[in-house]
Amino acid sequence: MDKIVEITQEFPKKISRRKLLGGAATAAVAIIQTTKGQTIQKGIPENVVDDPTKKLGVLAGEVGTRSPFVKSVKKFSDISSRSPLQDFYGMITPSDLHFERHHAGVPAIDPTKHELLIHGLVEKPLVFTIADLKRFPSVSRIAFLECSGNFRGGKENLTPQDICGLTSQSEWTGVKLSTLFREVGAKPNATWFLAEGGDAAVMTRSIPVKKGWDDAIVAYAQNGEPLRPEQGFPVRLFLPGWEGNTSVKWLRRLELSDAPYYTREETSKYTEPIKDGKYRIFSFDIDARSIITFPAYPQQVEKGWIEIRGLAWSGRGKVIKVEVSTDAGKNWQVAQLNEPVLDKAHVQFRHLWQWRGQETEILSRVTDETGYTQPTLKQLFEARGSEGGYHMNPVTAWQIKPDGRVLFKPEILR
Ligand SMILES: Nc1nc2c(c(=O)[nH]1)N[C@H]1C(S)=C(S)[C@@H](COP(=O)(O)O)O[C@H]1N2
Ligand SMILES: [Mo]
């Protein structure tokens, strides 16, 4: 549950022109402080007027604000917070709603003092400041980031945010890691590198050098602004399509070698059971997944035309097809994909459906360009020979009740 502490109940009510004119609504706004010290407004602010054409508005300011009528928030625990997927339009996650996963909190880093060391199997070990990194040719790319632990199920009252809110999408800007590899002269026998973060977890992961040459980005910006502290300010590794954990935040060191390091994060964690008591390690790719985000719990629908909407993505390339079923999986129709459909990116899908009041289930499943189709939870459990673990991407079904209530359909009730 959200830990929200109310610090102010109501603003002292000033006598507004509206009230003098006999306006009925009493303006009430609460300033709420979350446990993270963020301040959010709830309620209708005092300065909302009946006729905005009759009153000079608030003047221009230094930083934009959100309308107090917009309530989208992340749901958070101490270690992570989940994006409200059901509130999003289009394909970009607003930066302040990007999911978070911290193993030891968000460090406060002075960007002028932060450095990135690249050493190991290189001709010329180098230390880069953030200013140095910004002098290299830059690249911008829209791609999703998903935690491989992104799954919840087992009960009916779950929202898209609860089920899979540990995925978000941004436009990431930075320098290609391949550019830096050339700069330091990565040696041909360098096959792995260690990425290390400068947080209290000193997060470390072993990454194949091939990914570094391919599409890895040393990112310093997100959606047109410097990275948010929660996303790794002043610099993070960004590995498109790979499990979120490998995109090491607050990046301070890359060490090239000829073998993986078998760090804590890849031995005790981020490995998952497969069959016969075996575990797979270095399971980097995010498997294709989709979820209907509207209609979804806790919405209630009305009879008539409904635009079913959702998100689909794959860590192995482009989404080529999303299918939607409105009869509990008996028949499937191909949904429309909103352009652009990008590589390793969330894409929005939509499908028009006429609901006549019958009890049913609606589902989506995605196929990516490798031909892989999103499995059911049952198929996942059968293939893995176990229940749970990382990299769970099952088809998500929503039950539609005759009164229009929408509930999550847990495939397996616990
Ligand atoms: N240094 C460092 N990097 C990190 C983490 C961390 O705790 N420390 N968490 C990882 C995990 S588990 C995930 S899923 C992503 C989350 O990135 P985000 O918080 O920007 O969404 O960052 C990864 N990089
Ligand atoms: Mo994660």
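Relevant structure appears above.
The following refers to the structure shown. (Residues numbered from 1 in each chain as written. Chains lettered and ligands numbered in written order. Predicted model: local features only at pLDDT ≥ 70, side-chain atom pairs only at ≥ 80, totals over all residues. Heavy atoms only, no water.)

Moving on: the pattern of salt bridges. In the structure shown here, the tally under the stated rule is 27 salt bridges. Linking R205 and E266 is a salt bridge whose minimum nitrogen-to-oxygen distance equals 3.0 Å. Placement of R205 in strand 12 (residues 204-208) and of E266 in helix 6 (residues 264-267) is noted, with a sequence separation of 61 residues between them. For the pair formed by R205 and E266, the shared burial category is buried. (Salt bridge = Lys/Arg side-chain N within 4 Å of Asp/Glu carboxyl O. Helix = DSSP H or I, 4+ residues; strand = E, 2+ residues; numbered from the N terminus. Buried < 20%, exposed > 50% of the residue type's maximum accessible area, 1.4 Å probe, protein only.)

Looking now at the site of ligand 1. If you check the shell around ligand 1, you find 21 residues, and the closest are F99, H103, D199, R236 and K249. Within the backbone of E230, an N or O atom sits 3.5 Å from an oxygen atom of ligand 1. At 3.1 Å from an oxygen atom of ligand 1 is found a side-chain nitrogen or oxygen belonging to Q231. In the complex, the protein chains occlude 100% of the 540 Å² of accessible area that ligand 1 would expose alone. A class-by-class count of the residues in the shell around ligand 1 yields 7 nonpolar, 8 polar and 6 charged. (Near = heavy atom within 4 Å. Polar contact = N/O pair within 3.5 Å; in protein donor to acceptor, adjacent residues only side chain to side chain. Areas by Shrake-Rupley, 256 points an atom, 1.4 Å probe, with all protein chains shown as cover. Nonpolar A, V, L, I, M, F, W, Y, C, P; charged D, E, K, R; others polar.)

Pairing between the strands of a sheet is mediated by backbone hydrogen bonds and can be parallel or antiparallel. Taken together, 5 strands build an open sheet; the order of strands is 8-7-16-11-12 and the sheet is mixed. The outermost strands of the open sheet, each flanked by one partner alone, are strand 8 (126-129) and strand 12. On average, adjacent strands in this sheet sit at an angle of 20° to one another, irrespective of strand direction. Examined bridge by bridge, strand 7 (residues 115-120) and strand 16 (residues 251-257) share 4 bridges and lie parallel to one another. Within the sheet, the bridge partner assigned to I118 lies in strand 16 and is L254. (Pairing = 2+ DSSP bridges. Axes fitted to C-alpha atoms, helices over the stretch in contact; angles between N-to-C directions.)

Along strand 12, 5 of the 5 residues are buried, which leaves the element largely enclosed by surrounding structure. Both strand 11 (residues 192-197) and strand 12 contribute to a ladder of 5 bridges, which runs antiparallel. Bridging from a neighbouring strand, W192 pairs with P208 of strand 12. Counting the residues in the hairpin turn of strand 11 and strand 12 gives 6 residues, including V202, whose phi is positive at 40°.

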